[in-house]
Amino acid sequence: NMKRTKIFQYILFSFIIGMSTTNCSESKETLATVNNDIKEVAKEVMTSANTCALITVDSLNRPRVRMMGTLQPNEDFTVWFGTNPNSRKVAQIEQNPVVTVYYTEEGNSGYVMLQGTPQLVNDIKKKESHWKDEWNQFYPNYPDDYLLIKVTPNWLEVVSYKHNIISESDTWEPQKIVFN
């Protein structure tokens, strides 16, 4: 059985190499289609989640994880969060401006992990445009005790068994989109 698997992998690999050398423009087009499919699935997972995990790094280089209420990602996958300007995550972002945002697919069958560059935004118009009325209890002195975190994506990984987007079989490396 292992021998059949290796033979199948060799044939599949040879086919893929043959395709890539015979028609590069077709392969690039196929890659673009695959990337668009992955982006659509990533957007679906991100928009259907009610919460996500925001991971920062503290002053001792330890990852710090907290659940965050979500706002819909922008078309370019930029993500916004509201927070208290005096929170630990703000200090951590100021010291180490790299974050990871982790969304779990409904039914826990997959995820999106977005690694990005955070920016603290205190612009009143931006704060108003990203405000949720249910946040009144958390920010009684709005807008003074409310700050935005804008996360610009560097790359994201997607696994969704529901959509047949799975990790590489040998290394378990997920499907990845790199942003410019």
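First, a word on scope: everything that follows refers to the structure included in this document. (Residues numbered from 1 in each chain as written. Predicted model: local features only at pLDDT ≥ 70, side-chain atom pairs only at ≥ 80, totals over all residues. Heavy atoms only, no water.)

A few words on the layout of surface pockets. By volume, the second largest pocket is sized at about 240 Å³. Surrounding the second largest pocket, Met 67, Met 68, Gly 69, Phe 81, Gly 82, Thr 83, Asn 84, Ser 87, Lys 89, Trp 135, Phe 138 and Tyr 139 form its lining. Sorting the residues of the lining of the second largest pocket by element identifies strand E2 (63–69) and strand E3 (79–83) as the ones contributing at least two each. Classifying every residue of the lining of the second largest pocket by side-chain character gives 6 nonpolar, 5 polar and 1 charged. (1 Å grid on protein atoms, 1.4 Å probe; cavity = no way out; pocket = protein on both sides within 12 Å on 5 of 7 lines; lining within 4 Å. Points joined across faces, edges and corners; volume = space filled by probe spheres on them. Helix = DSSP H or I, 4+ residues; strand = E, 2+ residues; numbered from the N terminus. Nonpolar A, V, L, I, M, F, W, Y, C, P; charged D, E, K, R; others polar.)

Burial runs high along E3: 5 of the 5 residues are buried. Side-chain alternation along E3 places Val 79, Phe 81 and Thr 83 on one buried face and Trp 80 and Gly 82 on a second face that is also buried. For E3 and strand E6 (residues 147–160), the ladder comprises 5 bridges, and the chain directions are antiparallel. Directly across from Trp 80, in E6, lies its bridge partner Lys 150. (Buried < 20%, exposed > 50% of the residue type's maximum accessible area, 1.4 Å probe, protein only. Pairing = 2+ DSSP bridges.)

We now examine the environment of Pro 174. By secondary structure assignment, the location of Pro 174 is in the loop between E6 and strand E7 (175–178). In the structure, Pro 174 is positioned 15 residues away from Val 159 in sequence and 6.1 Å away in space, judged by C-alpha atoms.

The subject of this paragraph is the pattern of salt bridges. Evaluated as defined, the whole model comprises 3 salt bridges. Between Arg 62 and Asp 58 there is a salt bridge whose closest N-O contact spans 2.8 Å. Between Asp 58 and Arg 64 there is a salt bridge whose closest N-O contact spans 3.7 Å. Owing to a relative accessible area of 8%, Asp 58 belongs among the buried residues under this scheme. The exposure class of Arg 64 is partly exposed, given its relative accessible area of 26%. Put simply, Asp 58, Arg 62 and Arg 64 are held in one network by salt bridges that share partners. (Salt bridge = Lys/Arg side-chain N within 4 Å of Asp/Glu carboxyl O.)

Along the chain, Glu 157 turns up in strand E6. At 4.9 Å, Lys 176 is the nearest oppositely charged side chain to Glu 157, a buried residue that forms no salt bridge. Not counting residues up to four positions away in its chain, the partners in contact with Glu 157 are Tyr 111, Val 112, Met 113, Pro 174, Gln 175 and Lys 176. (Lys, Arg positive; Asp, Glu negative; His and termini not counted. Contact = heavy atoms within 4.5 Å.)

Among the residues of helix H3 (residues 88–95), Lys 89, Val 90, Gln 92 and Ile 93 are the ones counted as buried. Take H3 and look down its axis: the buried residues cluster within an arc of 165 degrees, on one side only. Along H3, the residues that are exposed and aim more than 90 degrees away from the buried face are Arg 88, Glu 94 and Gln 95. In this structure, the buried residues of H3 make contact with strand E1 (51–57), E2, E3, strand E4 (99–104), strand E5 (110–121) and E6. (Arc of directions from axis to C-beta.)

Moving on, we come to the packing of aromatic side chains. For any two aromatic rings, the description comes down to two numbers: the centre-to-centre distance and the angle of the planes. With the rule as written, the count across this model stands at 10 aromatic pairs. Taken together, a centroid distance of 5.6 Å and an interplanar angle of 50 degrees make the contact between Phe 77 and Phe 179 tilted. Residue Phe 77 is located in the loop between E2 and E3, and its partner Phe 179 is located in the segment after E7; the two are separated by 102 residues in the primary sequence. Each member of the pair, Phe 77 together with Phe 179, is buried. Through successive ring pairs, a cluster of aromatic residues spans Trp 131, Trp 135, Tyr 139, Tyr 142 and Tyr 146. (Phe/Tyr/Trp six-rings, centres within 6.5 Å; stacked < 30°, edge-to-face > 60°.)

Moving on, we come to the nonpolar core. Side chains of nonpolar character tend, in soluble globular proteins, to be buried together. Among the nonpolar cores identified, the biggest contains 25 residues, and Phe 81, Val 101, Tyr 103, Leu 114, Val 151, Leu 156 and Val 158 are the most heavily contacted of them. Secondary-structure elements contributing two or more residues to this core are helix H2 (24–48), E1, E3, E4, E5 and E6. It is H2 that contributes the most residues to this core, 5 residues altogether. Excluding its chain neighbours within four sequence positions, the residues that come into contact with Phe 81 are Cys 52, Leu 54, Met 68, Gly 69, Leu 71, Val 101, Leu 147, Leu 148, Ile 149 and Val 151. Counting 8 residues, the second-largest nonpolar core is a separate cluster that includes Leu 71, Trp 80, Trp 135 and Leu 148. (Core = buried A, V, L, I, M, F, W, Y, C linked by side-chain atoms within 4.5 Å.)

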